[in-house]
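Each chain, written out:
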Amino acid sequence: MVKGARSVTTETALAQVAARSGVKGVLPAIDAALHSDLVTVAGVRASAERLELGSTAQGRLDRALALADPQAESPGESLARLLVTSLGLAVRSQVRICDDLGLIGRVDFLVGHKVVVEFDGLVKYEGALGREALAAEKRREDRLRAAGYEVVRLTWADLDRPAHVARLVREAVARAGAR
């Protein structure tokens, strides 16, 4: 009980959402909870055991936990990663990339050795500092390309167009491999 209201632990809530909503519905929440150190994978599994989920629900939770990444920094990153990995591509999250001048920055995902995938929620480009953020992002992307990386930028709208994302990422992988 919290202030007289019935409640469950975060671990239990995540297990329940996974059971009902599947991977796409719960992955951003699991990633955020892991990123914030609110839960552990073992804690979510233990809560699921107490719930005695059926095999279908348990399978959904197991898949979500297998795909979970505590390095994800936003729901958009979680869903973009889910989409890219559904193409059969392995990704590494929050990879630091350097060139001859030093650190270029940390990218959302690296596919293979030379394809950067960035999720842009676009919020950072709003307001008074938006123009400056956009210019800084352009300079960073120019450095990534000069260092030999292909860059794929995804937005919320792209996540509703998986075939489009597949084409963008696969074309970038092909270009990177052709060098």
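The model shown is predicted, which means the values in this text are computed figures rather than measured ones. (Residues numbered from 1 in each chain as written. Predicted model: local features only at pLDDT ≥ 70, side-chain atom pairs only at ≥ 80, totals over all residues. Heavy atoms only, no water.)

Chemist: Break down the packing of aromatic side chains for me, with residues and values.
Modeler: Scanning the model with the defined rule gives 1 aromatic pair in all. Considering the side-chain rings of Phe119 and Trp156, the 5.1 Å spacing of their centres and the 85° angle between planes classify their relative orientation as edge-to-face. Remark: Trp156 occurs in helix α6 (residues 156–159) and Phe119 occurs in strand β3 (residues 115–119); sequence separation between them is 37 residues. One cation-aromatic arrangement involves Lys114 over Tyr149; the distance from NZ or CZ to the ring centre is 4.2 Å. (Phe/Tyr/Trp six-rings, centres within 6.5 Å; stacked < 30°, edge-to-face > 60°. Helix = DSSP H or I, 4+ residues; strand = E, 2+ residues; numbered from the N terminus. Lys NZ or Arg CZ within 6 Å of the ring centre and 35° of its normal.)

Chemist: Hey, could you go over unusual backbone geometry for me, with residue numbers and the actual values?
Modeler: In this structure, Asp37 is a non-glycine residue whose phi angle is positive, near 60°. As for its position among the elements, Asp37 is in the loop between α1 (10–35) and α2 (41–51). Taking the relative accessible area as the measure of exposure, Asp37 reaches 68% and is therefore exposed. For Gln94, which is not a glycine, the phi torsion comes out positive at approximately 50°. Look at Gln94 and you get buried, because its relative accessible area is 9%. (Buried < 20%, exposed > 50% of the residue type's maximum accessible area, 1.4 Å probe, protein only.)

Chemist: Could you give an account of the packing of α2 against helix α3 (residues 55–67), naming the residues involved and the relevant values?
Modeler: At their nearest, the axes of α2 and α3 sit 11 Å apart, and the two run at 180° to each other. Taken together, the axes of α2 and α3 are roughly antiparallel relative to one another. Packed against α2, whose contacting residues are Val41, Val44, Arg45 and Ala48, the element α3 presents Gln58, Leu61, Asp62 and Leu65 at the interface. Tallied by class, residues from the contact of α2 with α3 come to 5 nonpolar, 1 polar and 2 charged. (Axes fitted to C-alpha atoms, helices over the stretch in contact; angles between N-to-C directions. Parallel < 35°, antiparallel > 145°, perpendicular 65-115°, else oblique. Contact = heavy atoms within 4.5 Å. Nonpolar A, V, L, I, M, F, W, Y, C, P; charged D, E, K, R; others polar.)

Chemist: Describe the pairing of strand β2 (residues 102–111), listing the residues and the values that go with them.
Modeler: Within β2, 7 of the 10 residues are buried, which leaves it mostly tucked inside the rest of the structure. Note: strand β1 (residues 91–99) against β2, 8 bridges, orientation antiparallel. Across the sheet, the residue bridging to Val95 is Val107, located in β2. The turn joining β1 and β2, which pair antiparallel and follow one another in sequence, is formed by 2 residues. Inspection of the sheet shows β2 paired to β3 by 3 bridges, in the antiparallel sense. If you follow Leu110 over to β3, its bridge partner there is Val116. (Pairing = 2+ DSSP bridges.)

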